[in-house]
Amino acid sequence: MRLRIIVLLAFFALMVSAANATEPPRCYYQIWVYHYKTANQEAALDNYFKNALKPALRRAGTWETGFFKTIEKDTDKRFYVLITFPHKGLMDKLQARLKKDKIYQEAAKDYFGAPYNDPPYTRMEMITLYAFPQWRIPGIPKLSADKPDRIYELRSYESPTEKYHENKIKMFNTGGEVWLFSKLRFNAVFYGDVLQGSHMPNLMYMTAFENMDDRNKHWDAFFNSPDWKALIADKQYDHNVSKADIIFLHPTEYSDF
């Protein structure tokens, strides 16, 4: 009898494992933001990202990496580097792996050896995110426009408290906001809960479009959608966003996204 119970428990464990295996693990993301002012800084960062950082990240085991620049009319010039991790362990060990990567250290010697009075950036910041349950791995946008014409829209939604933040995440997942973006073909790259950053509690997500006209048409369809009108009218989701930031980006030619 005891043996039979053990066998049954083992069988159920296998069934649960098989069921869980049908869903991919939820990714972790990091966004590295580099602020810069001059053309020399921009060129130095371009060289570092393309020839040193991107190959090193791939050797370390990360998935696709996105490299983006703020659109030209933005006075605060920034690079956004989106790094995707299949699991937290890789994210935690990344810096140690980069330090041990001799190929990376050699390729990045100009970046690391920059003098104090000619740095490759003015300031940098890092944001860590955990993928939403309804969008567990990054999406690769299917766009036909040339990369310089494409528009990537990065949005950040801050909430007044942690409770309202959880409510907004619920609105995206079980509430159906992620589903609606997919239905209207917004070419989402990621949706993530910010675990570490300078503006919390908040969530961030990125969508992609052929150009600005394409972007505006998609948002018109979104706001006029009966599904969105029903969702925004649901009182349980009132007041869950206190501040929204929208950042328009172009991908670099070496970006994976």
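See the structure above.
Fair warning: this is a prediction, and the values are worked out from it, not measured in the lab.

Caption draft 1: The arrangement of helix α8 (residues 212-223) in detail. With twelve residues, α8 should reach 16 Å at 1.5 Å per residue; the first-to-last C-alpha distance of 17 Å fits that figure. Among the residues making up α8, those that are buried are Asp214, Arg215, His218, Trp219 and Phe222. Buried residues along α8 cover an arc of 130 degrees about the axis, so they all sit on one side. For α8, the exposed residues set more than 90 degrees away from the buried face come down to Asp213 and Lys217.

Caption draft 2: Seen up close, the nonpolar core. Within the largest apolar cluster, 25 residues are counted, with the highest numbers of intra-cluster contacts made by Tyr34, Tyr48, Phe49, Leu53, Val81 and Tyr104. Those elements giving two or more residues to this core turn out to be β1 (28-36), α2 (39-60), β3 (77-85) and α3 (88-100). Top contributing element to this core by residue count: α2, with eight residues. Here Val81 is in contact with Gln30, Ile31, Trp32, Tyr34, Phe49, Leu53, Thr65, Gly66 and Phe67, once residues within four sequence places are set aside. Counting residues in hydrophobic clusters, the runner-up holds 22 residues, among them Ile31, Phe68, Tyr80 and Val194.

Caption draft 3: Geometry of the pattern of salt bridges. In the structure shown here, the tally under the stated rule is 15 salt bridges. Linking Glu153 and Arg215 is a salt bridge whose minimum nitrogen-to-oxygen distance equals 2.8 Å. Highlighted residues: Glu153 in strand β5 (residues 151-158) and Arg215 in helix α8, separated in sequence by 62 residues. When the shortest N-O distance is used, the salt bridge between Lys243 and Asp245 registers 2.9 Å.

Caption draft 4: The arrangement of unusual backbone geometry in detail. At the junction of Met200 and Pro201, the peptide bond is cis and its omega measures out at -5 degrees in the coordinates. Here Arg185, not a glycine, exhibits a phi torsion of approximately 60 degrees, which is positive. Mapped onto the elements, Arg185 comes out in the loop between α7 (177-183) and β6 (188-196). Although it is not a glycine, His239 sits at a positive phi angle of roughly 65 degrees. Looking at the secondary structure, you find His239 in the loop between α9 (226-232) and β8 (243-251). Judged by its relative accessible area of 62%, His239 falls in the exposed class.

Caption draft 5: Quick peek at the packing of α2 against α3. Axis separation between α2 and α3 bottoms out at 10 Å; the angle between their running directions is 125 degrees. Between α2 and α3, the crossing angle belongs to the class labelled oblique. Both α2 and α3 take part in a crossing whose hand is right-handed. Taking contact as the criterion, the partners of Ala56, Leu57 and Ala60 in α2 are, on α3, Leu90, Leu94, Arg97 and Leu98. Split into classes, the residues belonging to the contact of α2 with α3 amount to six nonpolar, no polar and one charged.

Caption draft 6: Focus on the environment of Thr128. As for its placement among the helices and strands, Thr128 is situated in strand β4 (residues 123-131). The class for Thr128 is buried, based on a relative accessible area of 3%. Once the C-alpha coordinates of Thr128 and Tyr111 are considered, the two residues, 17 residues apart in sequence, prove to be 23 Å apart. The contacts of Thr128, once residues within four sequence positions are left out, are Tyr29, Gln30, Met91, Asp193, Val194, Leu195 and Gln196.

Rules used in this analysis
- Residues numbered from 1 in each chain as written.
- Predicted model: local features only at pLDDT ≥ 70, side-chain atom pairs only at ≥ 80, totals over all residues.
- Heavy atoms only, no water.
- Helix = DSSP H or I, 4+ residues; strand = E, 2+ residues; numbered from the N terminus.
- Expected span 1.5 Å × (residues − 1).
- Buried < 20%, exposed > 50% of the residue type's maximum accessible area, 1.4 Å probe, protein only.
- Arc of directions from axis to C-beta.
- Core = buried A, V, L, I, M, F, W, Y, C linked by side-chain atoms within 4.5 Å.
- Contact = heavy atoms within 4.5 Å.
- Salt bridge = Lys/Arg side-chain N within 4 Å of Asp/Glu carboxyl O.
- Axes fitted to C-alpha atoms, helices over the stretch in contact; angles between N-to-C directions.
- Parallel < 35°, antiparallel > 145°, perpendicular 65-115°, else oblique.
- Left-handed = near helix turned anticlockwise from the far one by under 90°.
- Nonpolar A, V, L, I, M, F, W, Y, C, P; charged D, E, K, R; others polar.

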